[in-house]
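Observations on the model geometry
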Amino acid sequence: MTRISLLGIPHDDNSSCFKGPAQAPAHIRPELFSDAYSMWSETGFDLTDMLVDHGDIRFDAAADPWDLIESEVGRVLETGDPLICLGGDHAISWPVLRAVRRRHPRLTILHIDAHPDMYDAYQGNPRSHTSPFARIMEERLADRLIQVGLRTVNDHHRDQFKRFGVEVIEAARFGDNVQLDLRTPVYISMDLDGLDPAFAPGVSHREPGGLTTRQVINLIQSVDQPIVAADIVELNPRRDIANLTAIVAAKLLKEIAGMMIRTRV
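The text that follows walks through the structure, step by step, so that each part is easy to find.

Scoring rules and cut-offs
- Residues numbered from 1 in each chain as written.
- Predicted model: local features only at pLDDT ≥ 70, side-chain atom pairs only at ≥ 80, totals over all residues.
- Heavy atoms only, no water.
- Phe/Tyr/Trp six-rings, centres within 6.5 Å; stacked < 30°, edge-to-face > 60°.
- Helix = DSSP H or I, 4+ residues; strand = E, 2+ residues; numbered from the N terminus.
- Buried < 20%, exposed > 50% of the residue type's maximum accessible area, 1.4 Å probe, protein only.
- Lys NZ or Arg CZ within 6 Å of the ring centre and 35° of its normal.
- Axes fitted to C-alpha atoms, helices over the stretch in contact; angles between N-to-C directions.
- Parallel < 35°, antiparallel > 145°, perpendicular 65-115°, else oblique.
- Left-handed = near helix turned anticlockwise from the far one by under 90°.
- Contact = heavy atoms within 4.5 Å.
- Nonpolar A, V, L, I, M, F, W, Y, C, P; charged D, E, K, R; others polar.

**Regarding the packing of aromatic side chains**
Summed over the entire model, instances satisfying the criterion amount to 2 aromatic pairs. Geometrically, the ring pair formed by W66 and W94 is edge-to-face, given 6.3 Å between the ring centres and 85 degrees between the ring planes. Highlighted residues: W66 in helix 2 (residues 65–77) and W94 in helix 3 (residues 93–103), separated in sequence by 28 residues. In this pair, the class of W66 matches that of W94, namely buried. Both rings, one in Y119 and one in Y122, keep their centres 5.2 Å apart while their planes meet at 45 degrees; by these two values the pair is tilted. Across from the ring centre of F18, 4.4 Å away, lies the NZ or CZ of R239, which sits over that ring.

Have a look at this one:
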């Protein structure tokens with residue numbers, strides 16, 4: 001039986017404005033495993049016995065959190081199962097991808113977000129949650145980076161796009177006919193603020209004009225290469241309304257997991 005690993009990464013020390021994403025895994029899991037919702041994905045797989053929860057990383061003040069994340073993600077990947085990480089803020093994607101890249105010499109990142117997260121540094125912090133994809137591309141942790149749903153692009157971002165060869169589909173140009181032309185295994189980085197705040201209000205930086213939940217699910221279901229790992233980040237429970245965003249996060253987790261299974265069979 002194909003299994004999908006889950007790993008919580010409750011870390012938000014690099015959030016630039018609001019703290020809270022470190023609490024996200026503890027809010028997503030109850031919605032994911034609640035009897036109020038089905039464990040079937042739209043892909044036709046019952047995930048009840050397919051999800052293996054490895055718990056949360058426990059951070060030690062004496063250890064570099066990046067080293068710990070990379071080590072723990074690597075340990076879980078040794079199972080050979082696809083992995084979904086529950087952030088945490090978007091900064092965690094950098095050390096996660098260090099571990100993923102060691103196992104996948106060919107890799108495309110599908111990054112869904114309102115923001116490019118490509119600052120060279122933000123407020124003097126190169127580990128900022130606004131900067132992970134600059135570090136990821138500097139270290140060549142992916143062959144391609146495709147960013148979808150952007151709607152906060154500035155001149156510095158455009159310079160970074162040119163520097164790293166980023167493929168960008170801004171929210172204003174997103175449509176049902178988007179073709180990704182994927183040719184390698186895929187890592188999905190799902191920032192919940194890629195969704196319009198009408199669908200996901202529980203994020204630190206709400207940006208109107210985003211994608212619908214249906215559009216994001218359809219995009220995930222369009223992936224025709226193996227999805228080897230993913231992260232779901234930037235849920236801020238302190239800003240959520242009636243757990244709506246946690247419910248959306250759990251739904252997207254199920255659909256990513258379903259596609260992980262579909263693209264392996």
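**Regarding the packing of helix 6 (residues 213–221) against helix 7 (residues 244–262)**
At a minimum axis separation of 9 Å, helix 6 and helix 7 run at an interaxial angle of 15 degrees. Considered as vectors, helix 6 and helix 7 are oriented roughly parallel to each other. In this structure, helix 6 crosses over helix 7, and the sense of that crossing is right-handed. Taken together, the residues of helix 7 that come into contact with helix 6 (itself represented by T213, V216, I217, I220 and Q221) are V248, K251, L252, E255, I256 and M259. Looking at the contact of helix 6 with helix 7, its residues break down into 7 nonpolar, 2 polar and 2 charged.

**A closer look at unusual backbone geometry**
At the junction of G87 and G88, the peptide bond is cis and its omega measures out at 15 degrees in the coordinates. Structurally, G88 can be placed in the loop between strand 3 (83–87) and helix 3. The residue R140 is not glycine, and still its phi comes out positive at about 55 degrees. Mapped onto the elements, R140 comes out in the loop between helix 4 (132–138) and strand 5 (144–150). With phi around 60 degrees, N243 is a residue other than glycine that occupies positive phi space. Structurally, the position occupied by N243 is in the loop between strand 8 (227–233) and helix 7.

**Some remarks on the environment of R264**
Take R264: it is sitting in the segment after helix 7. Exposure remark for R264: the relative accessible area of 44% places this residue in the partly exposed category. Once residues lying within four places of it in the same chain are set aside, the contact partners of R264 are T2, G80 and P82.

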